[in-house]
Amino acid sequence: MIAFLGTGLMGAPMVRRLLAAGHDVTVWNRTAAKAEALAADGAHIAPSPVETVRQAGVVFTMLSDGPAVSNLLFSEGVAEAMATGTILIDCSSIPPETARDHASRLAMRGVMHVDCPVSGGVAGAQAGSLALMAGGEEKVVAQIAPLMGALGRLTHVGPPGAGQVCKLANQQIVAITIGAVAEAMMLVAAGGADRARFRDAIRGGFAESRILELHGSRMIARDFTSGGPSRLQLKDLDTVAKLANAEGLVLPLTDTVRGVFRDFVESGHGDTDHSGLLLHLEALNPKLL
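Residues numbered from 1 in each chain as written. Predicted model: local features only at pLDDT ≥ 70, side-chain atom pairs only at ≥ 80, totals over all residues. Heavy atoms only, no water.

> Which parts of the structure should I look at to understand the packing of aromatic side chains?
Within a pair of aromatic rings, the relevant descriptors are the distance that separates the centres and the angle that separates the planes. Applying the stated criterion to the full structure yields one aromatic pair. A centroid spacing of 5.2 Å and a plane angle of 15° characterise the contact between phenylalanine 4 and phenylalanine 60, whose relative ring orientation is stacked. Placement of the pair is phenylalanine 4 in strand β1 (residues 2-5) and phenylalanine 60 in strand β4 (residues 58-61), with a sequence separation of 56 residues. A residue is classified by how much of its surface remains accessible, and phenylalanine 4, at 0% relative accessible area, is buried. Taking the relative accessible area as the measure of exposure, phenylalanine 60 reaches 0% and is therefore buried. Note that arginine 105 overlies the ring of phenylalanine 74, its terminal NZ or CZ placed 3.7 Å from the centroid. (Phe/Tyr/Trp six-rings, centres within 6.5 Å; stacked < 30°, edge-to-face > 60°. Helix = DSSP H or I, 4+ residues; strand = E, 2+ residues; numbered from the N terminus. Buried < 20%, exposed > 50% of the residue type's maximum accessible area, 1.4 Å probe, protein only. Lys NZ or Arg CZ within 6 Å of the ring centre and 35° of its normal.)

> Teacher, can you tell me more about the side chain of histidine 215 here?
Mapped onto the fold, histidine 215 is located in helix α11 (residues 210-221). Those residues in contact with histidine 215, other than ones at most four positions away along the chain, are Ile178, Arg210, Asp273, His274 and Ser275. (Contact = heavy atoms within 4.5 Å.)

> I keep staring at the pattern of salt bridges and nothing clicks. Help me out?
Any two side chains of opposite charge can pair, on the condition that their charged atoms come close. Within the structure shown, the criterion is met by 16 salt bridges. The residue lysine 242 makes a salt bridge to glutamate 97 at a minimum N-O spacing of 3.4 Å. Taken as a pair, lysine 242 in helix α12 (residues 230-247) and glutamate 97 in helix α6 (residues 96-107) lie far apart in primary sequence, 145 residues in all. Classification of glutamate 97 as partly exposed rests on a relative accessible area of 36%. As a salt-bridge pair, arginine 199 and aspartate 200 come within 3.8 Å of each other at their nearest N and O atoms. One salt-bridge network, in which partners are shared between bridges, spans Arg195, Arg222 and Glu282. (Salt bridge = Lys/Arg side-chain N within 4 Å of Asp/Glu carboxyl O.)

So this is what it looks like as structure tokens:
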């Protein structure tokens, strides 16, 4: 049996993919209604996180940040409730050092740990096409590979914490590319060209990317309903900055886009999709509006 803790924007479609693949899944979410919505798809609803994991061989966590995962595991009794030999797959985006700490503490209880953050957004979760970046022991990652096929493409990227490092690097690319596409949209509009036709014109060229495809489309449609909240994008960029400082790295592009996202979030757009960074650039250029 699979336990899944955290059935929000990403967790819910991931659960549906597991159920569609024929797995028996028990779910819990702090906001109960989000878990209860999965009952119609065949999920079992547990009243507490501890009850969710008691009979599980595999436990997924998909939570907002490191403190949320730590609290659930070690303050709310989840780690103690998991049987020896259970595999915890943490799909949350958390600091690498936190993932390594969790792996070490769980190992002392006989629980195997894989940090496996994901990329691909809600659309990727729904389609089962997520990029799954797994850090942990090679034999454990190999053991979960058949299960993870329902969710996307699994790659073992290194020891505990390596999955989180790769997710941070992914978030660097996402944030910088969103900024580049948004600034290009500004330039195109200022120069008198059509934004939608500009996007179509460069598709297939060197500027092609999933960001141009999906987030560029959002910018044109001005649909910034939160698929990837800007506050979480900023959270990941802050973690990138912390790791870069610890390693003595100078990352000027990341530092710049981090500052822009901070301004955007502080202006009241923490829950706006990160493609909404275009709104911030438009506010900086009122003559264009």
